[in-house]
Amino acid sequence: MRHLSRSQIFKDYERAFSKAVGLPLNSRGRDSWSPSHQGKEDHDSFASSLARFNKARSACLKAQSDASREPDTTTRTVTWFAGLSESAVPVYIGDHILGFLETGEVMLKNPSKKHFTSITRQLREWGYKADWKKLERAYFRSCVLSPDRYRAMLRLLNIFAEHLSILSNQLAVRRENDESANMARARHFIEKHQTEPLSLGRVAQAANISRHYFCKMFKKATGVNFIDYLSRVRVEKSKTLLLNPNSRISEAAFACGFQSMTNFNRAFKRIVGRSPTQFREALPKLRRSL
């Protein structure tokens, strides 16, 4: 998710989404938590004001947790006591959920005096003191979307999550601008010799560092171990080769460095989320969606 959230495509989409819908968009790993508004500029919003109260913040985080709780294969929306709804859209890498796109802090019903009174009553019971007039103004300025518009907005996020899933492996093997010279040498060597049998020791030697230090630094730089990274580089190469309808799947497998079809099919399904045959069959559909 770090690679995805730092990519230009995510930054462009986040900016366009926030301007078009007026809602924050947050990305997070599967086991990390943060309010959708965190890091955003509107510190006077109703959600930001409530976040200053520990128990209200906890209620927000619980709603966020519930939105991504099992079954976590689909988008879920949860509304907490303040009337704000939170949604989580899963982002996959292969068959596994990598993290979530989150949005929310939006009301699906028009704010009312009666509801605001119940919110302040809860805050007072918790012992909080606040500028209630200021909080009320923020409450009535809250973003309100009809359920139909909110569902349409979530559909957009699902499409974007699918796009990120397609790009996730490309971003995982892409070189970081600020990585060390040793890691840059290692990546370059792997890319150049990916069709050959490659051992960790051979790559570590090319990077001019010890095997032990190489393992430690490579995992830190890429987020995956050497074997997994090599598989991802080869799978990414095979996806390019599979674009040619005249090439056989077995030709693509051996041309990118896999030594057996079993290993190729297993790695491709794990990383891409579908078999090579299914990937090739879906190519026309993917081109239309992108």
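First, a word on what this report is: a plain description of the structure on this page.

Conventions and cut-offs
Residues numbered from 1 in each chain as written. Predicted model: local features only at pLDDT ≥ 70, side-chain atom pairs only at ≥ 80, totals over all residues. Heavy atoms only, no water. Salt bridge = Lys/Arg side-chain N within 4 Å of Asp/Glu carboxyl O. Helix = DSSP H or I, 4+ residues; strand = E, 2+ residues; numbered from the N terminus. Buried < 20%, exposed > 50% of the residue type's maximum accessible area, 1.4 Å probe, protein only. Phe/Tyr/Trp six-rings, centres within 6.5 Å; stacked < 30°, edge-to-face > 60°. Contact = heavy atoms within 4.5 Å. Pairing = 2+ DSSP bridges. Axes fitted to C-alpha atoms, helices over the stretch in contact; angles between N-to-C directions.

## A look at the pattern of salt bridges
Part 1 of the reasoning: One pass over the structure, following the stated rule, counts eight salt bridges.
Part 2 of the reasoning: Note that D12 and R15 form a salt bridge whose closest N and O atoms lie 3.3 Å from each other. In this pair, D12 and R15 are both assigned in helix α2 (residues 8-21), three residues apart and thus about one turn of the helix distant.
Part 3 of the reasoning: The class for R15 is partly exposed, based on a relative accessible area of 45%.
Part 4 of the reasoning: Three or more residues are tied together by salt bridges with common partners; here these are D228, R232 and R270.

## As for the packing of aromatic side chains
Part 1 of the reasoning: Taken as a whole and assessed by the stated rule, the structure comprises 17 aromatic pairs.
Part 2 of the reasoning: Taking 5.5 Å as the distance between ring centres and 75° as the angle between the ring planes, the aromatic pair formed by W80 and F81 counts as edge-to-face.
Part 3 of the reasoning: Judged by relative accessible area, which is 7%, W80 ranks as buried.
Part 4 of the reasoning: Here F81 falls in the partly exposed class, since its relative accessible area comes to 27%.
Part 5 of the reasoning: Ring centres of W126 and Y128 lie 6.4 Å apart, and the angle between their planes is 85°; this geometry places the pair in the edge-to-face category.
Part 6 of the reasoning: Here the aromatic cluster, defined as three or more aromatic residues joined through ring pairs, consists of F53, W80, F81, W126 and Y128.

## Remarks on the environment of S142
Part 1 of the reasoning: Here S142 shows up in the loop between α6 (132-140) and α7 (147-172).
Part 2 of the reasoning: A sequence separation of 32 residues divides S142 from N110, and the C-alpha atoms of the two residues are 9.1 Å apart.
Part 3 of the reasoning: Those residues in contact with S142, other than ones at most four positions away along the chain, are F46 and M107.

## A word on the environment of Y13
Part 1 of the reasoning: Secondary-structure assignment places Y13 in helix α2.
Part 2 of the reasoning: Exposure remark for Y13: the relative accessible area of 22% places this residue in the partly exposed category.
Part 3 of the reasoning: Residues Y13 and F160 lie 147 residues apart in sequence; the distance between their C-alpha atoms is 8.2 Å.
Part 4 of the reasoning: In this view, Y13 contacts L25, L156, L157 and F160; residues no more than four positions away in its chain are not counted.

## Quick look at the sheet that holds strand β1 (residues 25-29)
Part 1 of the reasoning: One open sheet holds the four strands; their spatial order is β1-β4-β3-β2, and the pairing between them is antiparallel. Each of the sheet's edge strands pairs with one partner strand only, and the pair in question is β1 and β2 (76-79). Here the average twist between neighbouring strands, direction ignored, is 25°.
Part 2 of the reasoning: As paired elements, strand β3 (residues 85-93) and strand β4 (residues 96-106) share nine bridges and run antiparallel to each other. Within β4, the residue paired with P90 across the bridge is F100.

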